[in-house]
Amino acid sequence: MKTTERINYLSEKLHENVLNSNDYLTPLERFNCVNVHNAKPDRLMTWAFYREYPRYLENLTVKDIETDYLKECENMLAGLVEFGYDTIWTNVDPYSVTPEALGCQIDMQEDEISVPMVGVINKPEDLKNLKNIDPTKDGRLPVVLNTVSLLREKIGDIYPVIGHCSGPVSLASSLRGATKFVIDIKKRPEFVAELLDYCADQTILIGKALLDRGAIGVSMADATGSPSVCSSQQYSELFMPAYRKIQKALGHLTPPGVRWHSQSGIDELADIKSFVEESCEAGNTVFHVATPWALNCDIRAILEILKSYGACLWFGMAPAIFASMTPDEMDATVKEYIGKYAKGYEGNFLMGPNMLNDTSKPELVKAWMNAMKKYGTC
């Protein structure tokens, strides 16, 4: 596949770094140990959602990496070489790529993440006019697929290349418009169910394309599909069928399965246990809790449920601490969290930032990584 000298250099450097890391497992082996075999790894997985963050290392803009797979690969490889975290997320802006491919107007700035501006479903009848997506041709989806292909070719022997796309609820919200979508949940649940079924089909098409290009699994960004958006009954009746349909279509195609991020607001639920169990029953393999909001939850009870399903907890550290702490404070915080929550759940516990962004200080990202290696030994 087409590459560049810079990509080749970074790939070779990353192989060298992994070889000389003194870790017993490579990031790929660690990922499979936890996400496929449900076993205790050599150390806790450093699960980092970093998107556009490392672009400064290559003097790239967000627009560069949103529109050119070679530059997106450079961005990701440079971040892995610099910081050494264990995961790769192969889509910089999952919430805008699919809506754009289906006709939504996108606000694309030179150095900001693109966002959908206007939906394309002005009235429910407009849904029947939408086509099935072609991931190999439509919009910027080929950029995403080519990124997966090249990363798999260059570092797929040592790193898990995770396919990343929008989940069905967030896609539905973008196609309809957020305000209309929330109103529809209350006033037109039958239409919402039809819309989510369509969005599930589009997610399946994209997920299969990601797996065909070499992604090790499929991760769906679906912040709109959170329990804070609707009642527990509405979540079960409207959102869960879409997740189950996707899991049924994709889950058997890859050992790590399908995961989704839709747990914002979990700390406000009256029955967290039932929500976690329902998510696992639907096939979710990674459940997300975000600090500091979820620290009032019984996290170890959640881990017990996840462990019984062979699922993992992504313990997401607040972005603010990567901008405001000192390295010593970061070290102490990581040590505290691991000691309090991870012990006994090493094969079901992933830990990292909710999201690295332009406020994140490189020295704090490195302090987090160093602390994970120091205190995360299993």
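Quick look at the structure, then. (Residues numbered from 1 in each chain as written. Predicted model: local features only at pLDDT ≥ 70, side-chain atom pairs only at ≥ 80, totals over all residues. Heavy atoms only, no water.)

Time to look at the packing of aromatic side chains. This structure, assessed with the given rule, holds 17 aromatic pairs. With centroids separated by 6.0 Å and ring planes inclined at 70°, the aromatic side chains of F275 and F287 adopt a geometry described as edge-to-face. Here the residue F275 occupies a position in helix α11 (residues 272-281), and F287 occupies one in strand β8 (residues 286-290), the gap between them amounting to 12 residues. The exposure class of F275 is buried, given its relative accessible area of 8%. Residue class for F287 comes out buried when judged on its relative accessible area of 1%. Centroid distance F315 to Y341: 5.2 Å. Interplanar angle 35°. Geometry classified as tilted. (Phe/Tyr/Trp six-rings, centres within 6.5 Å; stacked < 30°, edge-to-face > 60°. Helix = DSSP H or I, 4+ residues; strand = E, 2+ residues; numbered from the N terminus. Buried < 20%, exposed > 50% of the residue type's maximum accessible area, 1.4 Å probe, protein only.)

Further remarks concern the sheet that holds strand β2 (residues 88-89). Within a sheet, neighbouring strands are paired by backbone hydrogen bonds and run either parallel or antiparallel to one another. Within the open sheet, the 4 strands sit side by side as β2-β5-β6-β7. Their pairing is parallel. The sheet terminates laterally at β2 and β7 (258-261), the two strands that pair on one side only. Judged from the 4 bridges that link them, strand β6 (residues 217-221) and β7 form a sheet pairing that is parallel. Within the sheet, the bridge partner assigned to M220 lies in β7 and is W260. Where helix α6 (residues 141-155) meets the sheet, it contacts β2 and β5 (161-166), and its direction lies at approximately 170° from that of β5. Against the sheet, helix α10 (residues 232-250) contacts β6 and β7, and its axis sits at roughly 145° relative to β7. (Pairing = 2+ DSSP bridges. Contact = heavy atoms within 4.5 Å. Axes fitted to C-alpha atoms, helices over the stretch in contact; angles between N-to-C directions.)

Of all the 5 residues making up β6, 5 are buried; the element is thus mostly covered by neighbouring parts of the structure. A two-sided burial pattern is seen for β6, the buried positions comprising G217, S219 and A221 on one face and V218 and M220 on the other. By the bridge criterion, 5 bridges tie β5 to β6 in an arrangement that is parallel. For I162, the partnering residue across the bridge sits in β6 and is G217. The parallel pair β6 and β7 is bridged by α10, and the resulting crossover is right-handed. (Right-handed = clockwise from strand over helix to strand, strands pointing away.)

With that settled, the discussion passes to the environment of G283. With respect to the helices and strands, G283 occurs in the loop between α11 and β8. In this structure the C-alpha to C-alpha distance between G283 and D68, which are 215 residues apart in sequence, comes to 33 Å. Filtering out sequence-adjacent residues up to four positions away, G283 remains in contact with Q247, V258 and W260.

The linkage connecting T291 with the following residue, P292, adopts the cis geometry, with an omega of 0°. Relative to the assigned elements, P292 resides in the loop between β8 and α12 (299-309). A positive phi is found at N22, a non-glycine position, where the angle reads about 70°. Note on placement: N22 falls in the loop between α1 (5-19) and α2 (27-35). The class for N22 is exposed, based on a relative accessible area of 77%. In the Ramachandran plot, N59 falls in the positive-phi region, its phi being about 55° despite a non-glycine side chain. Residue placement: N59 occurs in the loop between β1 (45-46) and α3 (62-67).

A word on the sheet that holds strand β9 (residues 312-317). Here 4 strands make up an open sheet; going across it, the order is β1-β10-β9-β8 and the pairing parallel. What marks the edges here is a single partner per strand, and that holds for β1 and β8.

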